[in-house]
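# Report on the structure
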Amino acid sequence: MNNLRGTQAGKKPKVDPSVVDKEVLKYKNEFFDGKNIAGVNAEVWRRIASSVSEGIQDVVTPGSIRIRVTRNGGNILTILGILPANKIDVKFPQTVKKNYGINTTTYYDTSSDDENNFNSNNYEKLHCEKRGYRTYNILTPYEWSNVIQQHFFLHTRLPCCLKFQKRPVVSFSGIVFLTIQGQRSECSSSFNGTIDSVPAADTRVIIKCVYSGNFNGDHFKKRRLMGAEKERALNALLSQRMDPSIYTRNQANFLMKEGDNIPAQIPNVNALRALKHRAASATRFHTDPIKALELMKDNSKFSTSIHGIGLNKFFIHFWSPLQLVT
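It should be emphasised that the depicted structure is a prediction, and the values quoted were computed from it without experimental measurement.

## Description of helix α2 (residues 17-26)
- Every buried residue belonging to α2 is among V20, D21, E23 and V24, and all of these are buried. Take α2 and look down its axis: the buried residues cluster within an arc of 165 degrees, on one side only. Exposed residues on α2 whose side chains face more than 90 degrees from its buried face are K22 and K26.

Below you can see the structure in the form of structure tokens.
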């Protein structure tokens, strides 16, 4: 791709991207059959590369041309008519309370505002310091993305699974206080949110958001449970002994309205069962039940109850001091 757009150091591209796009447009019917884009070894990419490389010493490779097309560089797929242009402005009318992530019955408040709002007191809880070669402020790992995903669905009602690759850095002296970027690879949709200035104390933090792309297609991916959402699910499954199907139903009743598609942040039943199994397995002394019994026999908590173990034939002698007294 450096053949077309240069490196991150700021070099100019060897060929103007608009020139490449014009050549690609000429050969659209040769590399796109209505369903699939031709492979990297197709002759059409060589012809396009040869045409755009005319008159320059370091030629553009056929592979870089195809990568630009398949990755929708410069929104080329929309220009070609392969992907429809579709864009909406995302504005969120919900407010996160101070007790975010703790009390599920009061997780969100309704508000008449036209943009995404956070309470600044809660925002103080959401960012922390990360120390290394440099010291800088970041949003709390495994927590901030849950908040954005929840607000995103509650306003747009879109079941998209947003993926946030870059951890947002809070800048108190930069041009923009905070920038959040996400994407959905299935449909090449992108999410962008910004906070322009440092929020004042005891005020709402307004995030200006735009979501663009072909997001009206089928949605299959689910969001991974993390942070407070994971702890809430484990508490319901283990402490409250709630069935996974009941948990997903409660989440659906809380988030969804009639006619909504199931949002990405509601896990499926199999994922919850696997989460419960891993959490229960982590409390065992060993994955092998026989070895686990041996370890328990030597443990001070169980040594007065487990008195003998045999393997052929298997037996275990156990009784508690209370049983002897009674």
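## Structural notes on unusual backbone geometry
- Here N312 and K313 are connected by a cis peptide whose omega angle stands at -5 degrees.
- Take K313: it is sitting in the loop between β11 (306-311) and β12 (314-318).
- Look at R157: it is not a glycine, yet its phi comes out positive at around 60 degrees.
- A positive phi angle, close to 55 degrees, is found at R241, a residue other than glycine.
- The class of R241 is exposed, set by a relative accessible area of 72%.

## Some words on the pairing of strand β8 (residues 178-184)
- In β8, alternate side chains face the same way, and those of L178, I180, G182 and R184 are buried while those of T179, Q181 and Q183 on the opposite face are not.
- Alignment of β8 against strand β9 (residues 189-195), held across seven bridges, turns out to be antiparallel. Paired with I180 across the strands is G193, a residue of β9.
- Taking the residues between adjacent antiparallel strands as the criterion, β8 and β9 are bridged by four residues, where S188 takes a positive phi near 55 degrees.

## Let's talk about helix α12 (residues 289-297)
- Those residues of α12 not exposed but buried are A292, L293 and M296. Along the axis of α12, the buried positions cluster into a sector of 100 degrees, meaning they face one direction only.
- Residues of α12 that are buried make contact with β11 and β12.
- Structurally, the start of α12 carries an N-cap: the backbone nitrogen of I290 is 2.9 Å from a side-chain oxygen of D288.

## Quick look at the environment of L83
- Within the secondary structure layout, L83 lies in the loop between α6 (76-80) and β1 (87-90).
- L83 sits in the buried class, given a relative accessible area of 18%.
- Measuring from C-alpha to C-alpha, the distance between L83 and N72 comes to 9.3 Å, with eleven residues separating the pair along the chain.
- Contacts of L83, omitting those with residues within four sequence positions, involve N72, L77, T78, S188 and N214.

Conventions and cut-offs
Residues numbered from 1 in each chain as written. Predicted model: local features only at pLDDT ≥ 70, side-chain atom pairs only at ≥ 80, totals over all residues. Heavy atoms only, no water. Buried < 20%, exposed > 50% of the residue type's maximum accessible area, 1.4 Å probe, protein only. Helix = DSSP H or I, 4+ residues; strand = E, 2+ residues; numbered from the N terminus. Arc of directions from axis to C-beta. Pairing = 2+ DSSP bridges. Contact = heavy atoms within 4.5 Å. Polar contact = N/O pair within 3.5 Å; in protein donor to acceptor, adjacent residues only side chain to side chain.

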